[in-house]
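# What the coordinates show
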Amino acid sequence: MRLTRTLEERLTNLYRQGRVVGGLFRSLGQEADSVGSAYALDRGAGDMLSPLIRNLGSLLVMGARPVDVLRQYMAKATSPTRGRELNLHFGDLGRGFIGQISHLGDMVPVMAGVTLTFRLRGERRVGLVYVGDGAMSTGAFHEGMNFAAVRRLPLVVIAENNGYAYSTTLERQTAVAQLARKGLAYGVEAERADGNDVVAVYEATRRAVGRAREGDGVTLIELLTYRRKGHAEHDDQHYVPREELAAWQARDPIDRYAARVVEEGWLDAAALTGIDRRVAHELDAAVAEAEAEPQPEPATALDAVYAAPARMPAAWYRESRG
Ligand SMILES: Cc1ncc(C[n+]2csc(CCOP(=O)(O)OP(=O)(O)O)c2C)c(N)n1
Ligand SMILES: [Mg+2]
């Protein structure tokens, strides 16, 4: 969680310096949701997840390298997408995550397909897919859920209830106050957990992963959390009441877990400071490495974008002046 938060803070600095080329989507306050759920997968067994733009923590748990994330955001030629995509839409099958197509529910049918493949091949692997509160009101979510449910696929669906879809509050886009109840409509197991308690997230996901692996089908887990930043860095959250932000800041998942770790005697304060220092050093090196690297040559902009590069001048871009 610390690595996730600090990496995003470094990205915010780079964004303000104009070095992050596209948008920057923060998961501030939602780190426990990403990290706790991804930890519940069995990476050794080949489990897979599909992240959204706010699941940097899940990618890091699966083994994505911070330097690659920095390269993505800075559109470096060395990035996993060679500078063609500017945030977290990249996949790494070796590390167990696929690239997202869209934030708006489309990954639910895709992961239904991935887990159907596990089933057809007789593999005891589990898939996990994230979906936002807003995305749960899309047709893609509905079709994916229904298919996965009726086929009893080994899929865990993490519904991240962070209160907002862009500037739209939950109440303005669904009449169902408890998103876990949507599970009833599909005939799947469903539960709610405190998304800002990393242990609670881990335990709920672990149960769901176990059921999926045993052939007991889909579980929908609603994680109650909160988006403490705007939709992306360009969004100043003018529509968000200040008291709401303060209330959720007081439930910060990292502060809560750090306090618990010390209280239970698992680690002392010095060990926690040591983790912070290690993360800072690792990221100093990663930022320096990524910053020194070049962006792609403009002449290569279309390489690996089209399966067969267009030979005719296309109507939607000019090949040259004149
Ligand atoms: C088809 C489509 N429409 C709109 C968008 C722009 N968009 C991206 S994320 C988002 C809101 C998603 O809200 P939610 O599902 O609650 O996820 P959160 O951002 O809170 O993580 C929108 C409108 C998009 N990516 N694709
Ligand atoms: Mg949301």
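Check the entry above for the structure.
The following refers to the structure shown.

Rules of the game
- Residues numbered from 1 in each chain as written.
- Chains lettered and ligands numbered in written order.
- Predicted model: local features only at pLDDT ≥ 70, side-chain atom pairs only at ≥ 80, totals over all residues.
- Heavy atoms only, no water.
- Donors = N, O, S within 2.8 Å, 3.2 Å for Na, K, Ca; no water.
- Buried < 20%, exposed > 50% of the residue type's maximum accessible area, 1.4 Å probe, protein only.
- Pairing = 2+ DSSP bridges.
- Helix = DSSP H or I, 4+ residues; strand = E, 2+ residues; numbered from the N terminus.
- Axes fitted to C-alpha atoms, helices over the stretch in contact; angles between N-to-C directions.
- Contact = heavy atoms within 4.5 Å.
- Parallel < 35°, antiparallel > 145°, perpendicular 65-115°, else oblique.
- Left-handed = near helix turned anticlockwise from the far one by under 90°.
- Nonpolar A, V, L, I, M, F, W, Y, C, P; charged D, E, K, R; others polar.
- Phe/Tyr/Trp six-rings, centres within 6.5 Å; stacked < 30°, edge-to-face > 60°.
- Lys NZ or Arg CZ within 6 Å of the ring centre and 35° of its normal.
- Near = heavy atom within 4 Å.
- Polar contact = N/O pair within 3.5 Å; in protein donor to acceptor, adjacent residues only side chain to side chain.
- Areas by Shrake-Rupley, 256 points an atom, 1.4 Å probe, with all protein chains shown as cover.
- Salt bridge = Lys/Arg side-chain N within 4 Å of Asp/Glu carboxyl O.

## Considering the coordination of the magnesium ion (ligand 2)
Surrounding the magnesium ion (ligand 2) are the protein donor atoms Asp133 (OD), Asn162 (OD1) and Tyr164 (O), which sit 2.1 to 2.3 Å from the metal. Owing to a relative accessible area of 6%, Tyr164 belongs among the buried residues under this scheme.

## Brief notes about the sheet that holds strand E7 (residues 219-224)
Read across the open sheet, the 5 strands follow the order E1-E2-E3-E7-E6; overall the sheet is parallel. The sheet terminates laterally at strand E1 (48-50) and strand E6 (189-194), the two strands that pair on one side only. For this sheet, the mean angle separating the axes of adjacent strands, direction not counted, is 20 degrees. The strands touched by helix H5 (residues 107-120) within the sheet are E1, strand E2 (127-132) and strand E3 (155-161), with E2 carrying the most contacts at an inclination of about 170 degrees.

## Some words on the packing of helix H1 (residues 2-16) against helix H4 (residues 66-73)
The interhelical angle for the contact between H1 and H4, taken along N-to-C directions, is 30 degrees, at an axis separation of 11 Å. Of the possible angle classes, the one that applies to H1 and H4 is roughly parallel. Classified by chirality, the crossing of H4 by H1 is right-handed. Across the interface between the two elements, Leu3, Leu7, Leu11 and Leu14 from H1 touch Pro66, Val69, Leu70 and Tyr73 from H4. Of the residues assigned to the contact of H1 with H4, the class counts are 8 nonpolar, no polar and no charged.

## Examining the packing of aromatic side chains
Counted by the stated rule, this structure contains 5 aromatic pairs. Aromatic side chains Tyr164 and Tyr239 sit 5.8 Å apart centroid to centroid with 55 degrees between the ring planes, which places their arrangement in the tilted category. Residue Tyr164 is located in strand E4 (residues 164-165), and its partner Tyr239 is located in the loop between E7 and helix H9 (242-249); the two are separated by 75 residues in the primary sequence. By relative accessible area, which is 22% here, Tyr239 ends up partly exposed. Lying over the aromatic face of Trp248, Arg251 brings its terminal NZ or CZ to 4.2 Å of the ring centre.

## Some thoughts on the site of ligand 1
Lining the immediate environment of ligand 1, one finds 13 residues, of which Arg54, Gly134, Ala135, Asn162 and Tyr164 sit closest. Note that an oxygen atom of ligand 1 is positioned 3.1 Å from one of the side-chain N or O atoms of His103. Backbone polar atom of Ala135 to an oxygen atom of ligand 1: 2.9 Å apart, as the coordinates give it. Burial of ligand 1 by the protein chains amounts to 66% of its free accessible area of 580 Å². For the shell around ligand 1, the per-class residue count stands at 5 nonpolar, 6 polar and 2 charged.

## Notes on the pattern of salt bridges
Side chains that carry opposite charge are capable of pairing whenever their charged atoms lie near each other. If you walk through the whole model with that rule in mind, you get 23 salt bridges. Notably, a salt bridge pairs Asp276 with Arg2, separated by 2.9 Å at the nearest N-O pair. One end of the pair, Asp276, is in helix H11 (residues 269-291); the other, Arg2, is in helix H1, with 274 residues separating them in the sequence. Residue classification places Asp276 among the partly exposed positions, given a relative accessible area of 33%. A salt bridge links Arg260 to Glu264; the shortest N-O distance between them is 3.2 Å. A relative accessible area of 42% places Glu264 in the partly exposed class. Within the structure, one salt-bridge network assembled from shared partners comprises Arg65, Asp68, Arg71, Glu289 and Glu293.

Keep in mind these numbers describe shape, not what the thing actually does.
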